[in-house]
Amino acid sequence: MIKNYLKIAWRNLMKNKAYSTINIGGLALGMAVTLMIGLWVYDELSHNNYFEKKDRIAQIFQSQTFNGNIGTGPAIPRPLEMALREGYDDNFKHIVMSSWTTPLYLNYKEKSLSKDGNYMQQGAPDMLGLTILKGEKDGLRKINSIMLSKSVSEALFEDEEPIGKVVKVNSQFDAEVTAVYEDIPVNNSFNDLQFIIPWEKYLTLYEWIKNAEDQWGNNSFQLFVEIPENSSIEQVTSTIKDVKKESSGDEAEFNPQLFLLPMKDWYLRNSFQNGVQVGGRIKYVWLFGIIGTFVLLLACINFMNLSTARSEKRAKEVGIRKSIGSQRKQIINQFLSESFLVTLFAYVLAVVMVLLFLNAFNDLSRKEISFPWQNITFWLISLVFIIFTSLLAGSYPALYLSSFRPVNVLKGTFTAGKYAGLPRKILVVLQFTVSVAFIIGTVIVMQQINFAKNRPVGYDTKGLVQIPVMSRDFEGKYDLMRTEFINSGAVVEMSASSAPTTSIWSNRGGFTWDGKPDSFQEDLAWTEVTPEYAKSLNLKIIKGRDFSRELASDSNAVLINETAMKYMGLTDPVGTFIRDEDEEDPFPPKKIIGVVQDMIAQSPYEPVKQGVYGFDKYGNNSFYNLRLNPNQSASDNIAAIENVFTSHFPDIPFQYDFVDTEYGEKFAAEERIGTLSAVFTALAILISCLGLFGLTSYVAEQRKKEIGVRKVLGASVFNVWNMLSKDFLKLVVISCFIAIPIAYYVMNGWLQDYPYRVLLEWWIFLLAVIGAMAITILTVSFQAIRAANANPIKSLRTE
Amino acid sequence: MLLQLNNIFKWVQQGGQRVFLLKDINLTVEEGEFISIMGPSGSGKSTLLNVIGMLDDFDEGQYEFLSESVHQLKEKHRANLYKQYIGFVFQAYHLIDELTVYENLEMPLLYKKHSSSERKAMVADMLDRFNIVGKKDLFPTQLSGGQQQLVGVARALIGKPKLILADEPTGNLNSAQGEEIMDLFKQLNKEGVTIVQVTHSEKNAAYGGRVINLLDGRMV
Ligand SMILES: Nc1ncnc2c1ncn2[C@@H]1O[C@H](COP(=O)(O)OP(=O)(O)OP(=O)(O)O)[C@@H](O)[C@H]1O
Ligand SMILES: [Mg+2]
């Protein structure tokens, strides 16, 4: 029986090639989109799957309240470690203090590499479940050891045996390689962990780290834990949440609340608003999941519509089969197996499309997704997907076609149009509702990106280059390097700063100043800069003056930004002193000498944070900021800079970034979403148009005789075109009315995440409506005009 | 007795009024009969034939088929009943255009769960009997009207039905082709198959034993 069904299905497909192409092609396109999105969603959801214990590994986060605002983050103070070890050891299998991931220079013989890694406590390799390829598992036992990832080990030692070799780190200390571990794959946290050095070493390196041992207010470290199997994240969180509040004295005023964020949530659910977890990337996983489902739905609707539109042709067959003794159930099975066949074809085609476009998609989405040929689960899911799609696409036509009564059909009085009209119209409306909503959504995302991009940055990012200098080698070299760079002619001005211009690395509080409101808990972004900072960035001074090297007193001076001026409640800030609240503070007070324009250092979608730029007394350089010579090409400038750099630091790889590119990175996430949704919107529209095209051609064929008669009676081409297009246009208008409020509601919600956002303007919606109408008219007209131009005598004779 | 209709009424609602298609039909068909239904166009011949064939419902009355009460049966049972005992022949042949002659003949058997070798043998028998072995791989559109109706009759017969219902089987054929089909019916009837046909031609009606005349849905 199945064979007979499939035979009929196959012959029907071959007989109506145009119909089959539209049907299978459209469905394949929809499935390809869904597959692609499915792979993307899977990739997102499988983040951190490398770690078997991702449910039990957690990072300690804390929420603190400043002036009524709750801020949440992973930075914790050092004394927390001892408090947990001493009072709550039973709650943990591992407690691992860690530095932030930082690039360090690793030297072996004449080789020098800049790699990212952490200083971590001894439990790290066991907690993370690192696969040790060489050396000892417990590789952080001795203070002078270093564990390397396989790729770094190979890059450094090539064929030599790495274990026992001594690496020079940052020209600062020697470390002996104790272990080589398998690289942590991309799509996992710690995938940039190229080396691990014992935490104890870290403590010996800088005075401020040592001093932090009992400073509850110095939130500069990370703490990872593993909980035992018989415990839960919630349980441990409720046990330790007040540990800092109870032990930290003064800090209790900020109401620090500790909690564990399990590793499985680090990537997708790491966003907090006012101390409450509000998701994160998971929202995009949902968004694309929904888009994928809708695109598939659109393609299925095409299938349903085209199948029912063709029902008149199949009605006779149904009638005959029923009169010969087929039950309704059997007819349903027949049409379902037909839809299964089509879906199967479409699936194969979809897989081909995915393979063709996977690279492009990876570039767009910055992923490294590969086609899961060997994954049995994937094929099982695919099978379920095919069955689901064929049911979704085929059930309506199957139920509809099988309901024909043989008497009606065989008598020839049957016309499908009367019965099938309404559901088909509803489906078309649904399709265009989705398309119009997609158009509106995409336009708004694009607008929001442009809006943020056009926002003044506050300084000149073009022609500005930054070089990371976070190594002992650069200590005390600033003046020399500045002179050398400027003398090379490639650089017109240069400064150094403790953080990149595109980020804030340090926030401070605990100050007082004249006119500070009572119980005001300030939180200031703090960056140490050399006196040439404003000049090199082209950052405008709007009050007071810039730093001056000639004035010795400027070593205790600061600049603040416009927002800080308002934030601190100062109308005339110049001359005001910022003092430490702690009376015994050994450092002299800082004098505000000027106010600079706000510059966007963090998110371009958020207000600029109140910031202080302190005179860099101690050579706290992390970056050089170089203003390139505008009269020379960028490549000449860079070549000259590299020349100077390597002549002074032959052992250090030359690294640099263009600040405008770095700044552009801030838009990357939104831009990716914008591009992806534009692509998906285009595909959704294409699929809908394919369906509409198919549908019009059927209506035109159905009404061929009528059109012929009308033309003989004197109807013009325009009359006929109008007659055929009108119905569809009406449907599209209805779709617009449904889509606009939905799109408005959803996009308004999306925009709420951005404090700095576009207004939803009416013309966006009008544009979408006009766009949808234009597309409909174009699609429909092609068939309508063809039908209208057909020779009436010919079409009448075919009956 | 093969079947019996008692006081069958069928109507449709039109503008709040009942329009009767069949009025008080009483008819008994014995096994082995050859009946012709006649009457002017619109008198309800096709309607009656469809009711007998269980393709159409009626609104009042009783219908017994082989001592089963058709009016009380569910759709599924009814389909089982007619697929086992009844074969249809249509004026417009109604072959499935996408299937070959062979496959068209095979189709009724697929709904009856015959094994594939049985099916092969039965189809081969029919092809042989109707002299259309050479045409078995052609599609219906490649045949003449007479040949198509031959396949239609063969298809109706392949399930070995007790009753053949034919609605103007020769309506679309020329007289020579029509005669061939009527001879075939006569031959079948001799072999014991009961036949009820609708026809407009006195000549064709003469092949049968009994003639039923309809006028405005009523037997006269
Ligand atoms: N569903 C229906 N609704 C209304 N009237 C119907 C319906 N079905 C049939 N009729 C009417 O019933 C009458 C009988 O129709 P039927 O097809 O049985 O006639 P017939 O005797 O076979 O005619 P012909 O010789 O032309 O084939 C006709 O007048 C027809 O218009
Ligand atoms: Mg009739």
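What you see is a predicted model, and the numbers here were worked out from it, not measured in a lab. (Residues numbered from 1 in each chain as written. Chains lettered and ligands numbered in written order. Predicted model: local features only at pLDDT ≥ 70, side-chain atom pairs only at ≥ 80, totals over all residues. Heavy atoms only, no water.)

Okay, the overall build of chain B next. When you go through chain B residue by residue, the secondary structure sums to seven helices and 10 strands. At 18 Å, chain B has a C-alpha radius of gyration in line with the 17 Å of a compact globule built from 220 residues. Here the C-alpha coordinates of chain B stretch approximately 55 × 40 × 35 Å along the principal axes. When contacts within chain B are restricted to residue pairs at least 6 apart in sequence, long-range pairs at least 24 apart make up 72% of them. Total accessible area on chain B stands at roughly 9,800 Å², and carbon and sulfur atoms take up 45% of it. Averaging the positions of the 23 positive and the 27 negative side-chain charges in chain B gives two centres separated by 3 Å. (Helix = DSSP H or I, 4+ residues; strand = E, 2+ residues; numbered from the N terminus. Rg over C-alpha atoms; globule rule 2.2 N^0.38 Å. Contact = heavy atoms within 4.5 Å. Areas by Shrake-Rupley, 256 points an atom, 1.4 Å probe, with all protein chains shown as cover. Lys, Arg positive; Asp, Glu negative; His and termini not counted. Charge placed at Lys NZ, Arg CZ, Asp CG, Glu CD.)

On to the nonpolar core, then. All names here are of chain A. F288 and L724 are the most contacted members of the largest nonpolar core, which has 122 residues in total. Looking at this core, you find at least three residues from each of domain 1 (2-43 + 284-451 + 668-796) and domain 3 (472-651). Once residues lying within four places of it in the same chain are set aside, the contact partners of L724 are V699, A700, R703, I707, V780, A784 and A787. (Core = buried A, V, L, I, M, F, W, Y, C linked by side-chain atoms within 4.5 Å. Buried < 20%, exposed > 50% of the residue type's maximum accessible area, 1.4 Å probe, protein only. Domains from an automatic or database assignment.)

With that settled, the discussion passes to the site of ligand 1. Taken together, the neighbourhood of ligand 1 is formed by 14 residues, with B:S41, B:G42, B:K45, B:S46 and B:T47 sitting nearest. Lying at an intersection of chains, ligand 1 is approached by residues of chains A and B. Contact between ligand 1 and B:G42: an oxygen atom at 2.9 Å from a main-chain N or O atom of the residue. The side chain of B:K45 places a nitrogen or oxygen atom 2.8 Å from an oxygen atom of ligand 1. Isolated, ligand 1 exposes 640 Å² of accessible area, and the fraction of that covered by the protein chains is 63%. Those elements giving two or more residues to the shell around ligand 1 turn out to be β1 (3-14) and α1 (45-52) of chain B. At three residues, the largest contribution of residues to the shell around ligand 1 is made by α1(B). (Near = heavy atom within 4 Å. Polar contact = N/O pair within 3.5 Å; in protein donor to acceptor, adjacent residues only side chain to side chain.)

With that out of the way, let us pick up the state of the cysteines. Residues and elements named next belong to chain A. As enumerated under the stated definition, the model contains zero disulfides over all chains in all. Considering cysteine sulfurs only, C689 is the nearest to C300, which forms no disulfide, with 18 Å between them. Among the cysteines around C689, which has no disulfide bond, C736 carries the closest sulfur, lying 13 Å off. (Disulfide = S-S within 2.5 Å.)

Next up on the list: the environment of B:E106. Residues and elements named next belong to chain B. You can see E106 is positioned in helix α3 (residues 101-110). By relative accessible area, which is 12% here, E106 ends up buried. Through-space distance from the C-alpha of E106 to that of L150 is 15 Å; in sequence the pair is 44 residues apart. For E106, the contacting residues outside a window of four places in its chain are R119 and V123. At 3.0 Å, the side chain of E106 forms a polar contact with the side chain of R119.

Each partner contributes to the interface: chain B provides 26 residues, whereas chain A provides 25 residues. Of the roughly 2,400 Å² buried between chain B and chain A, counting both surfaces, carbon and sulfur atoms make up 56%. Across the chain B-chain A interface, the total number found is four salt bridges. Linking chain B to chain A there are six residue pairs in polar contact (both at pLDDT 80 or more). (Buried area = accessible area lost by both parts, 1.4 Å probe. Salt bridge = Lys/Arg side-chain N within 4 Å of Asp/Glu carboxyl O.)

Attention shifts here to the confidence of the model for chain B. Averaged over every residue, the pLDDT of chain B is 90; the share at 70 or more is 100%. Listed scores for the predicted complex are pTM 0.77 and ipTM 0.77. (pLDDT = per-residue confidence, 0-100.)

With that out of the way, let us pick up the side chain of A:S688. Residues and elements named next belong to chain A. With respect to the element layout, S688 can be found in helix α21 (residues 668-702). Among the residues examined, S688 registers a relative accessible area of 1% and is labelled buried. Polar contacts involving the side chain of S688 include one to the side chain of S435, which spans 3.0 Å. Not counting the four nearest positions on each side in its chain, S688 is found in contact with L298, N302, Q431, F432 and S435.

Residue and element names in this part refer to chain B. Here four strands make up an open sheet; going across it, the order is β2-β1-β4-β5 and the pairing antiparallel. Across the chains shown, the open sheet's two edge strands, defined by having one partner strand only, are β2 (17-29) and β5 (68-69). Packing of α1 onto the sheet brings it into contact with β1, β2 and β4 (60-65), and relative to β2 it is tilted by some 60°. (Pairing = 2+ DSSP bridges. Axes fitted to C-alpha atoms, helices over the stretch in contact; angles between N-to-C directions.)

Residue and element names in this part refer to chain A. Summed over all chains, the structure comprises 52 aromatic pairs over all chains. Centroid distance F474 to F645: 5.9 Å. Interplanar angle 40°. Geometry classified as tilted. Here F645 lies in helix α19 (residues 634-648) and F474 lies in the loop between β15 (464-468) and α16 (478-487), a separation of 171 residues in the sequence. What makes F645 buried here is its relative accessible area of 1%. Aromatic rings pair up to connect F474, Y478, Y624, F645, F649, F654, Y656 and F658 into one cluster. We note K453 situated over the ring of F667; from NZ or CZ to the ring centre the distance is 5.9 Å. Over the ring of Y756 we find R455, and its NZ or CZ is 3.9 Å from the ring centre. (Phe/Tyr/Trp six-rings, centres within 6.5 Å; stacked < 30°, edge-to-face > 60°. Lys NZ or Arg CZ within 6 Å of the ring centre and 35° of its normal.)

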